[in-house]
Amino acid sequence: MNTKTPRRVRLSASFRSFMASEAAGGIILMVVAALALIIANSPLSQTYFDLLHWYVGGLSVLHWVNDALMAVFFLLVGLEIKREMISGQLSNWSRRALPGFAAVGGMVVPALIFVAFNEGDTIRGWAIPSATDIAFSLGVLSLLGSRVPMSLKVFLTALAIIDDLGAVIIIALFYSQGLNIPALSGVAVVFALLMAINFMGMVRLWAYVVLGVILWILVFKSGIHATIAGVLLALTIPMKGEKGEADSPLLKLEHAIQPWVAFAIVPIFGFANAGVSFSGVSLSNLADPVPLGVAAGLFVGKQLGVFSFAWLAIKMRLAERPAGANWMQMYGVSTLCGIGFTMSLFIGLLAYANSPLLQDETKLGVLLGSLLSALLGALLLVLSSKRSAKA
């Protein structure tokens, strides 16, 4: 009797486990983001902000969260991208086509809308509304349960993964500054070592983790944002172990860090970065170029970009519409892509690193755009499910 789990079943179980953890993590993220906002506007606000700027080991708590913990988040992103590209939902053209086209539209259109509202120094934040928060969006989908076809959940997950890849490239190319050539040379050497031990068949994760820590230190000193180290490390983790995919080091590492990322790292990031004080802030501030551009980019740009590019790909027969999904459901999921919370906040911090005011305005725009996208997207999906039931 063959006791080995079929490859397709293993991958399906891995994918479902990933979506379950992301959905639950998204719900927790909603709670901690709301908690951060409440605390930031309560008598505890000073304690909250003092804690974030408390220095430990030469870095503030906020820097440890954004540079170190988020490197683990980006490691998971890199592992997911590699797995999906090799043997998952993005393993061939037919599977990549629809989420790929939709992701491009969802990055380009929001960026153009942001640029339309901004000029001069503030235009540096053009990439802020281009990101989709996979945990938050899947969290909203999970609340809708069986109203949403499984095919749409797969589509949203694949789109968000491609979106994350785009965000990683954008951060590396546009939000790195003051390059340190010796440290950058060290990054190249360590990355080459990681590739070499992969080529030689090393499957012991400890070797990759040790070199990964060294890589993070060098990337941190190089001028490239430290989180990129997580993606570089992920690219070198072997997909096959000594027994093939049955003991895949990549899957082992992904499953080991996935709960920590979903239930600890992302919520901690959300709690540390969602807190914005509304003291001295009025509704008129929402009309400033940065929050207006971010909110409009997420709420208007995302739904238009994702849906229109997906519609074109389907009409041109370059891709197929997700099985069992109608156009209204497609539009609802496209609207949910405007939830840009984690990655949008992260890019905003990089874009306006020297301007606390613009960082706060970015947070206002992200919160407003994400909230409107979540509410409208959920409403459209509920209405579309009722219409399908009547039909």
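Numbers given to residues run from 1 along each chain, matching the order in which its sequence is written. Per-residue local features are limited, in this predicted model, to residues with pLDDT of at least 70; the limit for side-chain atom pairs, both in listing and counting, is 80 or more; totals at the level of whole chains, interfaces and linings are taken over all residues. With hydrogens and water set aside, each side-chain value is computed from the structure's full complement of heavy atoms.

1. Looking at unusual backbone geometry
Then comes step 1: The phi dihedral of Arg317 is positive, around 60°, even though this residue is not glycine.
Then comes step 2: Here Arg317 lies in the loop between α11 (289-315) and α12 (327-336). By definition, any uninterrupted DSSP run of H or I lasting at least four residues is a helix, any uninterrupted run of E lasting at least two residues is a strand, and each is numbered from the N terminus.

2. A short note on empty space enclosed by the protein
Then comes step 1: Only protein atoms enter the calculation, which uses a 1 Å grid: trapped sets of points that fit a 1.4 Å probe without letting it out are cavities, open sets showing protein on both sides within 12 Å along at least five of seven lines are pockets, and any residue with an atom within 4 Å of a point is a lining residue. Grid points are joined across faces, edges and corners, and a volume is the space filled by probe spheres set on the points. Following the criterion strictly, the structure yields 2 cavities of 30 Å³ or more and no others.
Then comes step 2: Roughly 40 Å³ of internal volume is contained in the second largest cavity.
Then comes step 3: What lines the second largest cavity is simply Asn273, Leu345, Gly348, Leu349, Gln359, Thr362 and Lys363.
Then comes step 4: Those elements that place two or more of their residues in the lining of the second largest cavity are α13 (341-351) and α14 (356-390).
Then comes step 5: Polar here means any residue outside two lists: the nonpolar Ala, Val, Leu, Ile, Met, Phe, Trp, Tyr, Cys and Pro, and the charged Asp, Glu, Lys and Arg; Gly therefore counts as polar. Tallied by class, the residues present in the lining of the second largest cavity amount to 2 nonpolar, 4 polar and 1 charged.

3. Digging into a nonpolar patch on the surface
Then comes step 1: A grouping of Leu51, Trp54, Val56 and Trp64 is seen on the molecular surface, where their side chains present a nonpolar patch of about 410 Å² in accessible area.
Then comes step 2: Burial classes: relative accessible area under 20% of the type maximum marks a residue as buried, over 50% as exposed, and values in between as partly exposed (1.4 Å probe, protein chains only). Judged by its relative accessible area of 48%, Leu51 is partly exposed. Here the term patch refers to residues with relative accessible area over 30% and no salt bridge, with like charges joined within 9 Å and nonpolar side chains (Val, Leu, Ile, Met, Phe, Trp, Tyr) within 5 Å. Each accessible area is a Shrake-Rupley estimate made with a 1.4 Å probe; only the visible protein chains count as cover when residues are assessed. Whenever a carboxyl oxygen of Asp or Glu lies within 4 Å of a side-chain nitrogen of Lys or Arg, that contact is scored as a salt bridge.

4. A look at the nonpolar core
Then comes step 1: In this description, a nonpolar core means a group of buried Ala, Val, Leu, Ile, Met, Phe, Trp, Tyr and Cys residues linked to one another through side-chain atoms lying within 4.5 Å. Residues Phe73, Phe74 and Phe341 are the most contacted members of the largest nonpolar core, which totals 109 residues.
Then comes step 2: Once residues lying within four places of it in the same chain are set aside, the contact partners of Phe341 are Leu29, Ala33, Asp133, Phe136, Gly270, Ala274, Val366, Leu367 and Ser370. Should any heavy atoms of two residues lie within 4.5 Å, those residues are considered in contact.

5. Remarks on the layout of surface pockets
Then comes step 1: If you add up the space inside the largest pocket, you get close to 800 Å³.
Then comes step 2: Lining the largest pocket are 31 residues; nearest its centre among them are His63, Asn66, Leu349, Ala353 and Gln359.
Then comes step 3: Those elements giving two or more residues to the lining of the largest pocket turn out to be α2 (45-52), α3 (61-87), α13 and α14.
Then comes step 4: Grouping the constituent residues of the lining of the largest pocket by class yields 15 nonpolar, 12 polar and 4 charged.

6. Remarks on the confidence of the model for the chain
Then comes step 1: Looking at the chain, the pLDDT average stands at 86 and 91% of residues meet or exceed 70.
Then comes step 2: Within the chain, helix α1 (residues 7-40) has the poorest average pLDDT of any element, 71, and α11 the best, 96.
Then comes step 3: Per-residue confidence from the predictor is reported as pLDDT, which spans 0 to 100. Predicted confidence for residues 1-5 stays below pLDDT 50, and this span has 1 contact to residues more than four positions away or in other chains.

7. Regarding the side chain of Ser344
Then comes step 1: Assignment of secondary structure puts Ser344 in helix α13.
Then comes step 2: With residues up to four places along the chain from it excluded, the contact list for Ser344 reads Ile128, Pro129, Ala131, Leu298 and Val366.

8. A closer look at helix α7 (residues 181-199)
Then comes step 1: Between the first and last residue of a helix there are one fewer steps than residues, each counted as 1.5 Å, and that sum is the expected span. Counted at 1.5 Å a residue, the expected span for α7 with its 19 residues is 27 Å, and the 27 Å between its end C-alpha atoms agrees.
Then comes step 2: Elements that come into contact with the buried residues of α7 comprise α8 (205-222) and α9 (228-236).
Then comes step 3: For α7, the side-chain oxygen to backbone nitrogen distance between the N-cap and Ala183 is 3.2 Å, and the N-cap itself is Asn180.
Then comes step 4: Taken from the residues just after α7, Gly201 is the one with a positive phi, measuring 95°. The definition of a polar contact used here is a pair of N or O atoms within 3.5 Å, where within protein one atom must be able to donate a hydrogen and the other to accept one, and adjacent residues in sequence count solely through side-chain atom pairs.

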